[in-house]
Amino acid sequence: MPTTTDFLNASGWVGITTLALAAITVLGFLLKWGIRFRLVGITGFLGVLTGGLFALGLVPFTRTLIPGAVRYSLVFDNGGTQTVIAVPRTIDSQALEATMQQAASDLFSYGRLGRQDDKLTIRVRTNLHPEPGVTKPLYLGQIERSLSSRTDNAMEIKLNPDNIAQLPGSRE
């Protein structure tokens, strides 16, 4: 994954290329070359590209990886305080907790619309298939985290042990 340093380095090289092409563009206008207007377009595009790479070099990329977390899929997200994720039905309690923490980290955004409680609630479910053609959604738990602080050390994890015990291969 590219780092901010990589983007700053790339913006420097593209910026140098932009300046060189700008000089060629000026030369093209002085000598009345037929491609002078194309050179203006290319120089403008490189200027925009340089600005974008520089901006990506200023913004830190942060992604926390929680050990033991498994892949999940986002089922529902209202852009505010409620989300639902789905996990594999083969998950155990430890992986479930780690996955809930991973989802809480991944789904945090300062742009979420908090209402009265200022909490993001992530509900976790899986699907069981008791017989062919029948799907039974099974609620496994939820995690609540702050919408105002990226480093929330007071996340509330609530597991539903009765439903976790229904999972295939469950030892709980």
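Refer to the structure presented above.
Report follows, based on the coordinates. (Residues numbered from 1 in each chain as written. Predicted model: local features only at pLDDT ≥ 70, side-chain atom pairs only at ≥ 80, totals over all residues. Heavy atoms only, no water.)

What follows covers the overall build of the protein chain. Secondary structure summary: the protein chain contains 4 helices and 5 strands in total. Against the compact-globule benchmark of 16 Å for 172 residues, the protein chain has a radius of gyration of 25 Å, which places it well outside the compact range. Structurally, the protein chain occupies a C-alpha span of about 80 × 40 × 30 Å along its principal axes. Buried positions account for 31% of the 172 residues belonging to the protein chain. A sequence separation of at least 24 residues applies to 60% of the contacts in the protein chain between residues at least 6 apart. Of the roughly 10,800 Å² of accessible surface on the protein chain, a fraction of 61% belongs to carbon and sulfur atoms. (Helix = DSSP H or I, 4+ residues; strand = E, 2+ residues; numbered from the N terminus. Rg over C-alpha atoms; globule rule 2.2 N^0.38 Å. Buried < 20%, exposed > 50% of the residue type's maximum accessible area, 1.4 Å probe, protein only. Contact = heavy atoms within 4.5 Å. Areas by Shrake-Rupley, 256 points an atom, 1.4 Å probe, with all protein chains shown as cover.)

Let us now look at the packing of aromatic side chains. Tallied over the full model, the rule gives 1 aromatic pair. On the basis of an interplanar angle of 90° and a centroid distance of 5.4 Å, the ring pair of phenylalanine 29 and phenylalanine 37 is categorised as edge-to-face. Overall, the relative accessible area of 36% leaves phenylalanine 29 in the partly exposed class. For phenylalanine 37, a relative accessible area of 56% puts it in the exposed group. (Phe/Tyr/Trp six-rings, centres within 6.5 Å; stacked < 30°, edge-to-face > 60°.)

The next point concerns the side chain of arginine 145. Among the secondary structure elements, arginine 145 is positioned in strand β4 (residues 134-146). For the buried arginine 145, no salt bridge is present, and the opposite-charge side chain at shortest range is aspartate 152, 4.7 Å distant. A polar contact of 3.2 Å, which involves the side chain of arginine 145, links it to the backbone oxygen of alanine 104. Excluding its chain neighbours within four sequence positions, the residues that come into contact with arginine 145 are Ala104, Ser105, Phe108, Asp118, Lys119, Leu120, Arg150, Thr151, Asp152 and Met155. (Lys, Arg positive; Asp, Glu negative; His and termini not counted. Salt bridge = Lys/Arg side-chain N within 4 Å of Asp/Glu carboxyl O. Polar contact = N/O pair within 3.5 Å; in protein donor to acceptor, adjacent residues only side chain to side chain.)

For helix α1 (residues 4-30), spanning 27 residues, the distance from its first C-alpha to its last is 39 Å, which sits close to the expected 39 Å at 1.5 Å a residue. For α1, the set of buried residues is Phe7, Ser11, Val14, Gly15, Thr18, Leu21, Thr25 and Gly28. Here the buried face of α1 lies against α2 (36-58). Looking one or two residues beyond α1, the residue adopting positive phi is lysine 32, at roughly 55°. (Expected span 1.5 Å × (residues − 1).)

Spanning 23 residues, α2 covers 33 Å between terminal C-alpha atoms, matching the ideal 33 Å at 1.5 Å per step. Inspection of α2 places Leu39, Thr43, Leu46, Thr50, Leu53 and Gly57 among the buried residues, and these make up the whole buried set. Buried residues along α2 sit in contact with α1.

Next up on the list: the pattern of salt bridges. Under the definition given, this model contains 1 salt bridge. We note a salt bridge from glutamate 156 to lysine 158, for which the minimum N-O separation is 3.9 Å. Here lysine 158 falls in the partly exposed class, since its relative accessible area comes to 40%.

Moving on to the sheet that holds strand β2 (residues 82-86). Ordered by their spatial adjacency, 5 strands build an open sheet running β1-β2-β3-β4-β5, and the pairing between neighbours is mixed. If you trace the sheet from one side to the other, it starts and ends with β1 (73-77) and β5 (156-159), each paired once. Sheet twist, expressed as the average angle between the axes of neighbouring strands with direction ignored, equals 25°. Inspection of the sheet shows β4 paired to β5 by 4 bridges, in the antiparallel sense. From the neighbouring strand, glutamate 144 faces β5, where its bridge partner is glutamate 156. (Pairing = 2+ DSSP bridges. Axes fitted to C-alpha atoms, helices over the stretch in contact; angles between N-to-C directions.)

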